[in-house]
There are 2 protein chains.
Amino acid sequence: MTLDTIDIKLLDYLQQDSKQTNKELSNKLNLSVTAVYERIRKLERSGVIDKYVALINKQEVNKDFVAFCHIKLVQHAQEYVTKFEREVANLKEVAECYHISGDYDYLLKVVVSDMEDFREFMVNKLTSINHIGSTHSMFVINEVKHTTAINIS
Amino acid sequence: MTLDTIDIKLLDYLQQDSKQTNKELSNKLNLSVTAVYERIRKLERSGVIDKYVALINKQEVNKDFVAFCHIKLVQHAQEYVTKFEREVANLKEVAECYHISGDYDYLLKVVVSDMEDFREFMVNKLTSINHIGSTHSMFVINEVKHTTAINIS
DNA sequence: GATGAAACAATGACTGG
DNA sequence: CCAGTCATTGTTTCATC
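Owing to the predicted nature of the structure, the values given are computational and were not obtained by experimental measurement. (Residues numbered from 1 in each chain as written. Chains lettered and ligands numbered in written order. Predicted model: local features only at pLDDT ≥ 70, side-chain atom pairs only at ≥ 80, totals over all residues. Heavy atoms only, no water.)

By nearness alone, every residue bordering DNA strand C is listed as Thr21, Asn22, Tyr37 and Arg41 of chain A together with Leu31, Ser32, Thr34, Ala35 and Arg39 of chain B. Within the side chain of Tyr37 of chain A, an N or O atom sits 2.9 Å from a phosphate oxygen of DNA strand C. Looking at the surface near DNA strand C, the elements that each hand over two or more residues are helix H3 (33-45) of chain A together with helix H3 (33-45) of chain B. In terms of residue count, the dominant contributor to the surface near DNA strand C is H3 of chain B (three residues). Taken together, the residues of the surface near DNA strand C sort by class into three nonpolar, four polar and two charged. (Near = heavy atom within 4 Å. Polar contact = N/O pair within 3.5 Å; in protein donor to acceptor, adjacent residues only side chain to side chain. Helix = DSSP H or I, 4+ residues; strand = E, 2+ residues; numbered from the N terminus. Nonpolar A, V, L, I, M, F, W, Y, C, P; charged D, E, K, R; others polar.)

Strand order in the closed barrel made by the eight strands is E2(A)-E4(A)-E3(A)-E5(B)-E2(B)-E4(B)-E3(B)-E5(A), with antiparallel pairing throughout. With direction set aside, neighbouring strand axes in the sheet form an average angle of 35°. Running over the sheet, helix H4 (residues 78-89) of chain A touches strand E2 (65-73), strand E3 (94-100), strand E4 (106-112) and strand E5 (132-146) of chain A together with strand E5 (132-146) of chain B and is turned about 20° from E4 of chain A. Helix H4 (residues 78-89) of chain B rests against E5 of chain A together with strand E2 (65-73), strand E3 (94-100), strand E4 (106-112) and E5 of chain B of the sheet, and its axis sits at about 20° to E4 of chain B. (Pairing = 2+ DSSP bridges. Axes fitted to C-alpha atoms, helices over the stretch in contact; angles between N-to-C directions. Contact = heavy atoms within 4.5 Å.)

All names here are of chain A. Two elements in contact, helix H2 (residues 22-29) and H3, have axes separated by 8 Å at closest approach and are oriented at 100°. Considering the angle they form, H2 stands roughly perpendicular to H3. Mapping the contact onto sequence places Asn22, Lys23, Leu25, Ser26 and Leu29 in H2 and Val33, Val36, Tyr37 and Ile40 in H3. (Parallel < 35°, antiparallel > 145°, perpendicular 65-115°, else oblique.)

Scanning all chains against the criterion turns up twelve aromatic pairs over all chains. Arranged with centres 6.4 Å apart and planes meeting at 35°, the rings of Phe118 of chain B and Phe121 of chain B form a pair that is tilted. With a gap of three residues between them, Phe118 of chain B and Phe121 of chain B both fall in helix H5 (residues 115-126), about one helical turn apart. For the pair Phe118 of chain B and Phe121 of chain B, a shared accessibility class is recorded, and that class is buried. Taken together, the aromatic side chains of Phe65, Phe118, Phe121 and Phe139 of chain A make up a single cluster linked through ring pairs. (Phe/Tyr/Trp six-rings, centres within 6.5 Å; stacked < 30°, edge-to-face > 60°. Buried < 20%, exposed > 50% of the residue type's maximum accessible area, 1.4 Å probe, protein only.)

Turning to unusual backbone geometry, a few remarks are in order. Even without a glycine there, the phi angle at Asn30 of chain A is positive, about 55°. With respect to the helices and strands, Asn30 of chain A occurs in the loop between H2 and H3. For His131 of chain B, which is not a glycine, the phi torsion comes out positive at approximately 75°. With respect to the helices and strands, His131 of chain B occurs in the loop between H5 and E5.

Around DNA strand D, the neighbouring residues are Leu31, Ser32, Ala35 and Arg39 of chain A together with Thr21, Asn22, Lys23, Tyr37 and Arg41 of chain B. The share of sugar and phosphate among atoms of DNA strand D within 4 Å of the protein is 96%. For DNA strand D, a phosphate oxygen lies 3.4 Å from a polar atom in the side chain of Ser32 of chain A. In the environment of DNA strand D, a phosphate oxygen lies 2.5 Å from a nitrogen or oxygen atom belonging to the side chain of Tyr37 of chain B. Contributions of two or more residues to the surface near DNA strand D are made by H3 of chain A together with helix H2 (22-29) and H3 of chain B. Its residues assigned to classes, the surface near DNA strand D comprises three nonpolar, three polar and three charged.

Glancing now at helix H1 (residues 5-16) of chain B. All names here are of chain B. Counted at 1.5 Å a residue, the expected span for H1 with its twelve residues is 16 Å, and the 17 Å between its end C-alpha atoms agrees. For H1, the complete set of buried residues consists of Asp7, Ile8, Leu10, Leu11, Leu14 and Gln15. Viewed along the axis of H1, the buried residues span an arc of 160°, placing them on a single side of the element. (Expected span 1.5 Å × (residues − 1). Arc of directions from axis to C-beta.)

All names here are of chain B. Counting buried positions along E2 yields eight of nine residues, so the element is predominantly enclosed. In this sheet, E4 lies alongside E2 in antiparallel orientation, the contact comprising seven bridges. Of the residues in E4, the one forming a bridge with Ile71 is Tyr106. Strand direction decides the pairing type here: E2 and E5, joined by seven bridges, are antiparallel. In the sheet register, Leu73 faces E5, and the bridge partner there is Ile132.

Sites flagged by UniProt as "domain: HTH asnC-type" (unreviewed entry) map to residues 3-64 of chain A. Within the segment residues 3-64 of chain A, helix and strand shares are 53% and 13% respectively, and the terminal C-alpha atoms sit 37 Å apart. (UniProt positions renumbered as here; feature names shortened; annotations may be inferred.)

What follows deals with the pairing of E5 of chain B. Summarising the sheet, E3 of chain A and E5 of chain B pair through five bridges and their orientation is antiparallel. Across the sheet, residue Tyr98 of chain A finds its bridge partner in E5 of chain B, namely Glu143 of chain B.

In structure tokens form, the structure reads like this:
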């Protein structure tokens, strides 16, 4: 699907706030309500817009201890890789998991309540997955920037 | 604010899909539509729910080259730290920036189109910020798991 | 908490320009 | 693309139990 400049602006707005009415958007974009409605539906149906979600404040729900965890596997046979990825994806504390280039194989973003919670996660959940060679954890001191929006240009 | 088990379920649902109608949610939670409406409003006003956003498919907008970038500053005087954080937050390619513990000072998530785009970002934008000592980039080979939802329990 | 009523807004399909 | 229609559905605020 090709996006024109209006689509890009529309996506920017919706990535910031999806609860705006079509009327508000039509004013910002100088379009009719129907045109906005049809553009949004096209973006939804084509798969450009994946879904709409609520974002919550980690602090308010006492889940503001965030760590990034590097992981190296002992072996890289397809069987072990698949098993590790499946098991790690099932851990609720793991918000994100990336297979990355470099010294380590994976980078995990772990969201828990506090250091004690993190310790328990490491000991009882993460390291109980087989074939993990080594891990290296970094703790988030401060979230300087965090956006779910993707810059399209 | 204290959350009961119904609030937690409600937040789980809204973090997965915020476009559900209150009627659908009232069925899932065995509540009346008005009760659901009032709980949501309470969660919004108390700041537990931060905002509602559209999530878009990186692939569909040709922004699926993702890198994590470690950064070490030369100096750590408050002045340089503040300046670095302000400048890096203004870079549109930087989706996330964390001040972290460990060998490096910062971890950035950079979202661009391709390697050429990334090279340009590094040369013209990131490393033109003063006081950066060293950087170390890791490229995302595969996104094993990525959720914006926070597990509350 | 529930319920019903009422005002308002959005959806989805449809005209015709 | 726009403007306007219309029935249906959902949202939001009431008052009442």
